[in-house]
Amino acid sequence: MANKSGSVYGLTILSPIIDDEMATPSHDLQIRAYLATLATDDKSPFALAPGTHLARLVVMDDVIYVGMPACEEHLKSKYLVLESNFDGELDNYLGGLADTVPQQLDAIWGHCVAYPGAANRQAFIDYMKACQLDTTFYFAAVNDKSLPDTLRALHTRSAVVDFIADHQGMAPARLQAEFIQFVAELRLEPIPGPGAMAIPRDIKTGGKDE
Amino acid sequence: MSNINGKVYAMNAITPMKPWKTWILRGFFVVLGRVKPLQQDLINLSFIEFARWVVLPRKRFPYLGNGQKREELQYDYLLFFSNFNGTWNQYIDAFSAVLSRGLNLIWRWSEKFPGSVPVTPFKTYIARVQFDTDYYYTAYPRATANDLKSAHIVQASLDTLSQHAQDYTPAQFAEAYLRFVIQVQAHLGETGEAPVVF
Amino acid sequence: MSKLNATDIQGFVLRGYNLPISRYLFLHLEDASRGRKMIGRLLGQVTTGQRWDGGKPDSTVNIAFTHRGLVALELPLATLLTFPVEFQEGMRNRAGILGDTDLNAPERWDEVWRNGMVHVWIGVNAKSPEALEARCAALLAMIQETGGATLLDSQDAAAVMIDGKPTTREHFGYTDGFGNPEYLGVERSSQPGQGKLLEDGTWAPLATGELLLGYADEAGELPVAPVPHLLAANGTFMVYRKLHQNLAAFRAYLDEQAKLYGGGREKLAAKFIGRWRDGTPLELSPDKPDFALTQDPKRSTNFTYSADPEGVRCPLGAHVRRVHPRDDFGFHGKLIDRRRITRRGLPYGTFVPEGEPVLDSEDRGVIFMALNASISRQFEFVQQQWIGYGNDARQGNDKDMLIGNHCGRGRFVVQGDTTPENPPFICSNMPNFVDLRGGDYFFLPSITALGMMALCLVDPR
């Protein structure tokens, strides 16, 4: 089992989506519609709850037929996939989600089979773990830095570039004084939170078969 | 629906495997996991933030009762999830150009896998077995894997210099500061918006 | 690989003519059948890749088409649709992808590139102004006679003359023209550093299919090309960009920064691009220019960056390191072999030596023409990822110092060491040293394909 790489956990969850012929639109479409408008910036549930580096939600509506001579087969359920890369241990992470963003979790997983709701923290954790798949091989480019460390480092880097650029050729005594002040101020500066400064999406069609 | 958020691309792929082949693949992953030098190529491909492969046996799809029907499948499935920087074509091209042997060992057990070289049939296959992401979140939309690594280096160097900054004479500080700038000088790129994806 | 048929390939593709002056004519096709007739008349005049055993001709003629031009010629729709997407769209519609925004946005381009009227590019290169005028006059008379096209505009360009001799300098003072790759089958004296790097550290020519359609490329397959095969084979795609140079802004910025930089003005200018102004690579001679080195084909392009991973000699973001990263990304350079382009083109406008008064508003720049089998995989990728962005160079969002679309923002980091002559340095808030004034994507067909077009013999599949 390879759910962890260093201090980062790679969670994969497949939750069966309710198949109800009476539902209009169907539950998978309701999930898609909700996710299409869910905030991806600092208002994202994954930004509000602690620990997530990157995460995705995907409605997997079927397996894919690759053509002859393979056999064509289809799933009986559609599944909601959660792929998340976060700090620390699974129970804490799931508990943190349940504590912080129960409404959003319910709005999403409320369309899944046997979902108990996030209000019952332990039941939520147990449910998610029942849907968990073990990762066979996990790769993380950086696996020894927490999310707060990372956000801080990114903020620091921008500030350091500015500082160096603005202090070229300065006399040592003054440079030292300004550096000490810079570090002191940097410590007090608020660090942009997770998901902040998101970028509007702009996609062009491009090099097909390039 | 979007596979893209800022500087990262979320790829999902699913491919069918005959169940007896799954065991060979599992064996390969065990070796890959234990022998770190084999992972070096993945590390050197500096545009991957996180990636994972999940072998999903046909009888292990989560089953929760409550009216859910049990899956009846002939194939096991290989799920692949990647978070990478740059363009889709660049990513697949790079895989094909420098990781083809490793990739073939991973995907050759999947039905109809054409091999990762030449690249066009490989791209056609990936495009076919890729399914799109409905919702994609990243805590740092303006950073790439390279930016993260650089930022941590800058942070560590700054922490070291600032620990002693007060104790130095101005001349000593000037010397230490120059050493600091040289330590971080290869890691000072700006973070910002990603180019338009194409 | 078999020998290329040089008589079927336009000469412009196979070699830089090394003729000092040129004029590019931009035509609008008025009528498909008259247009075909015009191409038929031109066919015998098009300069091929055949060797000039009898010496250089006085002038050369080459021809290329935009997708709109091919539509105007009424090629079958099934064929028109097989051209690559980016070529069908044209350069103006790719502005977002290319970062041709703000100061470089299409709204600011020259009129001829804004209205989408250009169908045909005819490139005339010549030995002398007289030869150029004579050839152009004859061509235009013929075009008028057939009634196939109207002349929308023309662009003159010429090598910078110093002491009465043509040079390879461009307006900023850098010596240009070291970077073109070698391709299998293209006859040229071989030079280490100009093809692709092999695992043993030697250099070999790139696959022909990186330049010409119809041959295997570096991925071991035929490049994406229009159907039928005969229309594509021995042809290529050309990117035409008119790059205005803000010479006054460049000199003022260099003066201002050089005051703060301990290495001196000339070294700073060299750090911008990775070569001293005479062409000496910083990687080989970091402390001073070495003219003898630039004249030695065994050495002038023969280097890698693995011994300089921190950019102490050649900055990580220097122009030549960005556009030809050699072994910088590991894997023996394998990640860059499908991202190379071949450059043609000449400067335009008057050359002003250092120290003489100069204005940015003066018409001056370089006509950049890039040849490649895939515009999206090669030119567009380089322009977007390596010029307008810095992640592959591990420089975040930093753009190419010299030709980046900075708009008064941005950074360029000059890495250094502890010696006073080579200090680390950061340039900030750059103006645009280069502005884009327009251009488009062209298809440069083979002689056979031109004949098919002239006779309306393109059969779709």
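Below is a short write-up of the structure. (Residues numbered from 1 in each chain as written. Chains lettered and ligands numbered in written order. Predicted model: local features only at pLDDT ≥ 70, side-chain atom pairs only at ≥ 80, totals over all residues.)

1. Some points on the overall build of chain C
Heads up, the condition is: The helix and strand labels rest on DSSP assignments: H or I over at least four residues marks a helix, E over at least two residues marks a strand, and numbering proceeds from the N terminus. Computation of the radius of gyration draws on C-alpha atoms alone. For the globule rule, the value is 2.2 Å times the number of residues to the power 0.38. Whether two residues are in contact is decided by their C-beta atoms, placed from the backbone, lying within 7 Å.
Across its full length, chain C holds 15 helices and 15 strands. Computed over the C-alpha atoms, the radius of gyration of chain C is 22 Å, within 12% of the 23 Å expected from 2.2 N^0.38 for a compact globule of 461 residues. The principal-axis extents of the C-alpha atoms in chain C amount to approximately 70 × 50 × 45 Å. Taking all contacts inside chain C whose residues are at least 6 apart in sequence as the whole, residues at least 24 apart take part in 71%.

2. Notes on the overall build of chain A
Our working definition: Every C-beta atom is placed from the backbone, and the number of other C-beta atoms within 10 Å of a residue's own sets its class: buried at 20 or more, exposed at 12 or fewer, partly exposed in between.
A tally of helices and strands in chain A yields 7 helices and 6 strands. By the compact-globule yardstick of 17 Å for 210 residues, chain A is too spread out, its C-alpha radius of gyration being 22 Å. A principal-axis box enclosing the C-alpha atoms of chain A has dimensions of 75 × 50 × 35 Å. When each of the 210 residues of chain A is scored for burial, the buried share is 43%.

3. Here's the deal with the nonpolar core
Definition in use: As used throughout, a nonpolar core is a set of buried Ala, Val, Leu, Ile, Met, Phe, Trp, Tyr and Cys residues joined through C-beta atoms within 7 Å of each other.
If you look at the biggest cluster of nonpolar residues, it comprises 234 residues, and the most contacted ones within it are A:L80, A:V81, C:I122, C:F237, C:M238 and C:F442. Setting aside its immediate chain neighbours within four residues, C:M238 contacts C:A64, C:M369, C:A370, C:L371, C:F442 and C:L444. Grouped together as the second largest cluster of nonpolar side chains are 5 residues, B:V196, B:F198, C:I97 and C:L98 included.

4. A word on the environment of C:N432
All names here are of chain C. By the element assignment, N432 lies in the loop between strand 14 (425-428) and strand 15 (434-444). N432 gets classed as buried once you count the C-beta atoms within 10 Å, which come to 21. Measuring from C-alpha to C-alpha, the distance between N432 and Y389 comes to 15 Å, with 43 residues separating the pair along the chain.

5. Examining helix 7 (residues 172-188) of chain A
Stated precisely, the cut-off is as follows: Expected span of a helix, by definition, is 1.5 Å for each gap between consecutive residues, and there is one gap fewer than residues. Here the arc refers to the set of directions running from the helix axis out to each C-beta atom.
Across its 17 residues, helix 7 of chain A extends 24 Å between first and last C-alpha, which sits within 8% of the 24 Å expected from 1.5 Å per residue. Restricting attention to buried positions, one finds in helix 7 of chain A the residues A:Q176, A:F179, A:F182 and A:V183. Within helix 7 of chain A, the buried residues cover an arc of 125° as seen down the axis, which keeps them to one side. The exposed set on the far side of helix 7 of chain A, more than 90 degrees from its buried face, consists of A:R174, A:Q181, A:A184, A:E185 and A:L188. Among the structural elements, helix 6 (147-166) of chain A together with helix 6 (145-164) and helix 7 (170-184) of chain B are those in contact with the buried residues of helix 7 of chain A.

6. Re helix 3 (residues 88-98) of chain B
Note: α-helices contain 3.6 residues per turn, so residues at a spacing of three or four share the same orientation. Summarising burial for helix 3 of chain B: 8 of the 11 residues are buried, a large majority. When helix 3 of chain B is considered as a whole, its buried residues turn out to be B:W88, B:N89, B:Q90, B:I92, B:D93, B:A94, B:F95 and B:S96. Buried residues in helix 3 of chain B make contact with strand 2 (8-17), helix 4 (100-107) and helix 5 (119-129) of chain B together with helix 14 (375-387) of chain C.

7. Some details on the interface of chain B and chain A
Which entries qualify depends on this criterion: Three classes are used, and their members are as follows: Ala, Val, Leu, Ile, Met, Phe, Trp, Tyr, Cys and Pro are nonpolar, Asp, Glu, Lys and Arg are charged, and the others, Gly among them, are polar. DSSP-based pairing: two strands are paired if at least 2 bridges between them are found.
Contacts between chain B and chain A engage 86 residues on the former and 81 residues on the latter. No other element matches the 11 residues that helix 6 of chain B contributes to the side of chain B that touches chain A. Of the residues that constitute the side of chain B that touches chain A, the class distribution is 51 nonpolar, 20 polar and 15 charged. Summarising the sheet, strand 6 (residues 137-140) of chain A and strand 3 (residues 48-56) of chain B pair through 4 bridges and their orientation is antiparallel. Bridge pairing links A:A140 to B:F50 in strand 3 of chain B.

8. Quick word on the packing of helix 6 of chain A against helix 6 of chain B
Quick note on the threshold: Convention adopted: a line fitted to C-alpha atoms gives each axis, helices being fitted over their contacting stretch, and angles between N-to-C directions are expressed from 0 to 180 degrees. Each angle receives one of four descriptions, namely roughly parallel if under 35 degrees, roughly antiparallel if over 145, roughly perpendicular if within 65 to 115, and oblique otherwise.
Close contact between helix 6 of chain A and helix 6 of chain B brings their axes to 8 Å; oriented N to C, the two are set at 75°. By the angle class used here, helix 6 of chain A and helix 6 of chain B are roughly perpendicular. On the side of helix 6 of chain A, the interface is formed by A:T150, A:R152, A:A153, A:L154, A:T156, A:R157 and A:V160, while helix 6 of chain B contributes B:D147, B:L148, B:S150, B:A151, B:H152, B:V154, B:Q155 and B:L158. Classifying every residue of the contact of helix 6 of chain A with helix 6 of chain B gives 7 nonpolar, 5 polar and 3 charged.

Without other data, these values stay purely geometric and don't point to any function.
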